[in-house]
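# Observations on the three-dimensional arrangement
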Amino acid sequence: MCGRYALFRWSPAFAALPGFPADQKPHWNLAPNGQVLMLRAGEQGPQAAAARWGLTPAWLKDLSKTPAHARAETLAEQPMFREPFRQRRALLPANGFYEWRGGVRKRPYWITNGDSLMYFAALWELYPVGGQEYLSVALITQEAATLRRPLTLDEHEQALWLSNDTLPEQLTALLAKPQVALRERALATLVNDPKLDAPECLTPA
């Protein structure tokens, strides 16, 4: 399961997207229930916004039960995800994500596609708190051998995913697309500490 990822480097053009937070900081260890940067459809194209990683419908009162992930194979039928899948799709930009493999003492790995940014398919919701509305998001995962990895979209697929004009069968095809080939690097165990949010997370093994 992709429980952590990183967004620490982006281009000036990316930072110029509408809604990009002026106080956006680099992060090497983003985890569920924290604030992440997401992209969703705007009037003139993708727009950026900060969101809580954990999908929070307005009717959900217990914030300890907000799902950080949605399974690509079943989300279209699940009440929690069905409506966002139809109308509120998003992207989570990342430089890469972490994966733990092995036995009792699992080894962390840094997974990337070799490009400056990856884009993970996601779903978003609004949730009200104290008279204000906030954004929340869930990352979509696919089965990958004995693990689950983010559903990663290329530039053409990103446009389809965000567009309100995309046909249901096209969306279903995106959910079932083959996993892309990714690069990986074994890491030291520093990233195991969820409180560490620094370049040291990427220390090689």
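Heads up: the structure comes first, above all this text.
These lines cover the structure that appears in this document, whether it is placed above or below. If you're wondering where the values come from, they're calculated on a predicted model, not measured in any experiment. (Residues numbered from 1 in each chain as written. Predicted model: local features only at pLDDT ≥ 70, side-chain atom pairs only at ≥ 80, totals over all residues. Heavy atoms only, no water.)

Put simply, the largest pocket is a space of about 200 Å³. In terms of lining, the largest pocket is formed by L7, P21, D23, Q24, K25, H27, L30, Q35, V36, L37 and A50. Elements that contribute at least two residues to the lining of the largest pocket include exactly β2 (27–30) and β3 (35–42). At 3 residues, β3 tops the list of elements feeding residues into the lining of the largest pocket. A breakdown of the residues in the lining of the largest pocket according to their chemical character gives 6 nonpolar, 3 polar and 2 charged. Roughly 170 Å³ of volume is contained in the second largest pocket. As for the second largest pocket, its lining consists of 13 residues, and the residues nearest its centre are N113, D115, L117, L153 and Q158. Listed by contribution, the elements that provide at least two residues to the lining of the second largest pocket are β9 (118–129) and α3 (155–162). (1 Å grid on protein atoms, 1.4 Å probe; cavity = no way out; pocket = protein on both sides within 12 Å on 5 of 7 lines; lining within 4 Å. Points joined across faces, edges and corners; volume = space filled by probe spheres on them. Helix = DSSP H or I, 4+ residues; strand = E, 2+ residues; numbered from the N terminus. Nonpolar A, V, L, I, M, F, W, Y, C, P; charged D, E, K, R; others polar.)

Another aspect to go through is helix α2 (residues 79–87). Burial in α2 covers these residues: M80, F81, P84 and F85. Projected down its long axis, α2 carries its buried residues within an arc of 105°, all on one side. Exposed positions of α2 whose direction lies more than 90 degrees from the buried face are P79 and R86. As for α2, its buried residues are in contact with β5 (69–71), β6 (89–94), β9, β10 (132–144), α3 and α4 (168–175). (Buried < 20%, exposed > 50% of the residue type's maximum accessible area, 1.4 Å probe, protein only. Arc of directions from axis to C-beta. Contact = heavy atoms within 4.5 Å.)

Buried within α3 we find E157, Q158, L160, W161 and L162. Between the side-chain oxygen at the start of α3 and the backbone nitrogen of H156 there is a gap of 3.2 Å, and the oxygen is on D154. (Polar contact = N/O pair within 3.5 Å; in protein donor to acceptor, adjacent residues only side chain to side chain.)

Let's shift gears to the packing of α3 against α4. Each pair of packed helices can be summarised by the angle the axes make with each other and by the distance between the axes. Two elements in contact, α3 and α4, have axes whose closest approach is 10 Å; the angle formed by their N-to-C orientations is 130°. As far as their axial angle goes, α4 and α3 are oblique. Crossing geometry of α3 relative to α4 is assigned as left-handed. Together, E157, L160 and W161 of α3 and Q170, L171, L174 and L175 of α4 make up the contact between the two elements. Taken together, the residues of the contact of α3 with α4 break down into 5 nonpolar, 1 polar and 1 charged. (Axes fitted to C-alpha atoms, helices over the stretch in contact; angles between N-to-C directions. Parallel < 35°, antiparallel > 145°, perpendicular 65-115°, else oblique. Left-handed = near helix turned anticlockwise from the far one by under 90°.)

Grouped together as the largest cluster of nonpolar side chains are 50 residues, with contacts concentrated most on Y5, L92, I140 and W161. The dominant element in this core, judged by the number of residues it contributes, is β9, at 7 residues. Among the nonpolar cores identified, the runner-up in size contains 9 residues, and A6, W28, L187 and L202 belong to it. (Core = buried A, V, L, I, M, F, W, Y, C linked by side-chain atoms within 4.5 Å.)

The next thing to look at is the packing of aromatic side chains. By convention here, two paired aromatic rings are described through the distance between centres and the angle between planes. By the definition in use, this model includes 11 aromatic pairs. Pairing Y5 with F120 gives two aromatic rings, centres 5.8 Å apart and planes at 80°, and the pair type is edge-to-face. Of this pair, Y5 sits in strand β1 (residues 5–7) while F120 sits in strand β9, and the two are 115 residues apart along the sequence. Residue Y5 shares its accessibility class with F120, and that shared class is buried. Put simply, the rings of F8, W28, Y98, W100 and W110 touch in pairs and so form one group of aromatic residues. R89 extends its terminal NZ or CZ atom over the ring of W161, reaching a point 5.8 Å from the ring centre. Here the guanidinium or amino end of R101 rests over the ring plane of Y109, the centre of that ring lying 4.0 Å away. (Phe/Tyr/Trp six-rings, centres within 6.5 Å; stacked < 30°, edge-to-face > 60°. Lys NZ or Arg CZ within 6 Å of the ring centre and 35° of its normal.)

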